[in-house]
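What the coordinates show
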Amino acid sequence: MMASSTRLFGSALIAAALTAGPASAGDIFGNGDTLDLQVGGFVIVTPKYEGSNDYEVFGVPYIAPVGMDENSRLQFRGPDDVRFRLFEYYGFEVGPLVGWRFDRDEDDADRLDGLGDVDGGIVAGAYAAYRMGAFAPFVSYGHQVTGDETGGLLRFGAEWRMPIWNGIKYTLQGGSTFADDDYMDAFFSVNTQQAARSGFNTYNADAGIKDIYVGINADIPLSQQWSLKMTGMYSRLIGDAADSPIVESEDQFFGGLGLTYRFSFQR
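Quick summary incoming for the structure in this document. Fair warning: this is a prediction, and the values are worked out from it, not measured in the lab. Here the residue numbering is sequential within each chain, running from 1 through the sequence in written order. Two thresholds apply to this predicted model, a pLDDT of at least 70 for residue-level local features and 80 or more for giving and counting side-chain atom pairs, whereas whole-chain, interface and lining totals are computed over all residues. Here the side-chain values reflect all heavy atoms present in the structure, with hydrogen atoms and water set aside.

1. As for the side chain of Glu 159
Helix numbers and strand numbers start at the N terminus; a helix is a DSSP run of H or I with at least 4 residues, a strand a run of E with at least 2. Mapped onto the fold, Glu 159 is located in strand β9 (residues 152-163). Under the scheme applied here, a residue whose accessible area is under 20% of the maximum for its type counts as buried, over 50% as exposed, and between as partly exposed, the area being computed with a 1.4 Å probe on protein chains only. Using a relative accessible area of 9% as the deciding quantity, one classes Glu 159 as buried. Other than its neighbours up to four places away in sequence, Glu 159 contacts Arg 77, Arg 131, Ala 134, Phe 135, Ala 136, Phe 138, Thr 171, Leu 172 and Gln 173. Any two residues having at least one pair of non-hydrogen atoms within 4.5 Å are treated as being in contact.

2. Points about the pairing of strand β8 (residues 135-144)
With burial as the criterion, only one face of β8 is covered, namely that bearing Ala 136, Phe 138, Ser 140, Gly 142 and Gln 144; the residues Phe 135, Pro 137, Val 139, Tyr 141 and His 143 on the opposite face remain uncovered. DSSP calls a pair of strands paired once it identifies at least 2 bridges connecting them. Looking at chain direction, strand β7 (residues 121-130) and β8 are connected through seven bridges and run antiparallel. Considered in β8, the bridge of Ala 128 is made with Val 139. Taken together, β7 and the strand that follows it, β8, pair antiparallel across an intervening segment of four residues, in which Gly 133 is found at a positive phi of about 70 degrees. Relative to β9, β8 runs antiparallel, the two sharing nine bridges. Looking at the pairing, Pro 137 lines up with Ala 158 of β9.

3. Thoughts on the environment of Asp 240
Mapping Asp 240 onto the fold places it in helix α4 (residues 239-243). On the basis of relative accessible area, Asp 240 is assigned to the partly exposed category, the value being 26%. Separated by 32 residues in the primary sequence, Asp 240 and Gly 208 place their C-alpha atoms 7.7 Å from one another. When neighbours within four sequence positions are excluded, Asp 240 is seen to be in contact with Met 184, Tyr 203, Asn 204, Ala 205 and Asp 206.

4. Topic: the pairing of strand β11 (residues 208-221)
Pairing between strand β10 (residues 169-179) and β11: 11 bridges, direction antiparallel. What sits directly across from Gln 173, in β11, is Gly 215. Across 11 bridges, β11 lies against strand β12 (residues 226-237) in antiparallel orientation. Of the residues in β12, the one forming a bridge with Asn 217 is Thr 231. Connecting the antiparallel pair β11 and β12 is a turn made up of four residues.

5. Some remarks on a negative patch on the surface
Nonpolar side chains (Val, Leu, Ile, Met, Phe, Trp, Tyr) within 5 Å and like charges within 9 Å form the patches, drawn only from residues with over 30% relative accessible area and no salt bridge. Computed by Shrake-Rupley with a 1.4 Å probe, the accessible areas treat only the displayed protein chains as cover when residues are assessed. Should a side-chain nitrogen of Lys or Arg be within 4 Å of a carboxyl oxygen of Asp or Glu, the pair is scored as a salt bridge. Just so you know, the count uses Lys and Arg for positive and Asp and Glu for negative, and it drops His and the chain ends. Here the site of a charge means atom NZ of a Lys, CZ of an Arg, CG of an Asp or CD of a Glu. On the surface, Asp 54, Asp 107, Asp 110, Asp 113, Asp 117, Asp 119 and Glu 248 cluster together into a negatively charged patch. Here Asp 117 is to be found in the loop between β6 (92-101) and β7.

6. A short note on unusual backbone geometry
With a phi angle near 50 degrees, Tyr 90 is a residue other than glycine that sits in the positive phi range. As for its placement among the helices and strands, Tyr 90 is situated in the loop between β5 (87-89) and β6.

7. Notes on a nonpolar patch on the surface
Together, Phe 84, Leu 86, Phe 87, Tyr 89, Tyr 90, Phe 92, Tyr 130, Met 132, Phe 135, Trp 160, Leu 172 and Ile 216 make up an exposed nonpolar region whose accessible area comes to about 1,200 Å². Locating Leu 172 in the fold gives a position in strand β10. Overall, Leu 172 belongs to the partly exposed group, its relative accessible area being 31%.

8. Some thoughts on the packing of aromatic side chains
Pairing of aromatic rings covers Phe, Tyr and the six-membered ring of Trp, with a centre-to-centre limit of 6.5 Å; geometry is then stacked below 30 degrees between planes, edge-to-face above 60, and tilted otherwise. What the rule picks out here adds up to five aromatic pairs. Ring plane angle 45 degrees and centroid distance 5.1 Å describe the contact between Tyr 234 and Phe 253, whose orientation is recorded as tilted. One end of the pair, Tyr 234, is in strand β12; the other, Phe 253, is in strand β13 (residues 251-266), with 19 residues separating them in the sequence. Overall, Phe 253 belongs to the partly exposed group, its relative accessible area being 45%. The ring of Phe 138 carries Arg 83 above its face, with NZ or CZ at 4.6 Å from the centroid. For a ring to carry a charge above it, either NZ of a lysine or CZ of an arginine must fall within 6 Å of the ring centroid while also lying within 35 degrees of the normal to the ring plane.

Remember, this is a structural readout, not a statement about activity or role.
Printed below as a string of structure tokens:
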């Protein structure tokens, strides 16, 4: 099945998230008159929808500035969590976030027949983090502001970013996600009309913790210009999300493998 345009858009943001490299200055685009960019492509494996037991594989081309890591004001943490560090004080930082929430089409899987489409859209919110060397606990909130009303997600988690050897870096992350009533209704509930069309019993998913997750990103330089990017994430649906009749599997996996080329030119 071909991925929808919104899924490709969001996945392109995921690919951009994996291009993080060391920022040598506050300007993520380079120093002085030099513009530093990375171009490349990613192969992404992701569930067809949240709770699906089936996966889809597709490629994503991209172009992104070099240096989008914890030293930069612009930080990518996922398609719905692109952060801008507005204020920093002794390790504490806060700022706005924007992103994109994937849609869910009735045609994505047979199990979704009769449930109707859920439109994706722009996400807006804010985040706060406290950096203690390589370790950084954080909290973030994002709410969909265009498309369907799919509510907000509140994430609690922590990251640990460390170099390994010869320029190789990795980031470990883990946490949990609280979903409000609107999100749970959009993606996990079955109302009366949906039940009549789909054959499912009605189901009301209440607000609460919907998942716990762990993940790792790795950046492996192959040369001065070429780098290999790898990512993997596992999440476990819990609570009302896991009990939804829409869910085929509580275990959800995401993976990505990419190759990037770095180049510079004068502005």
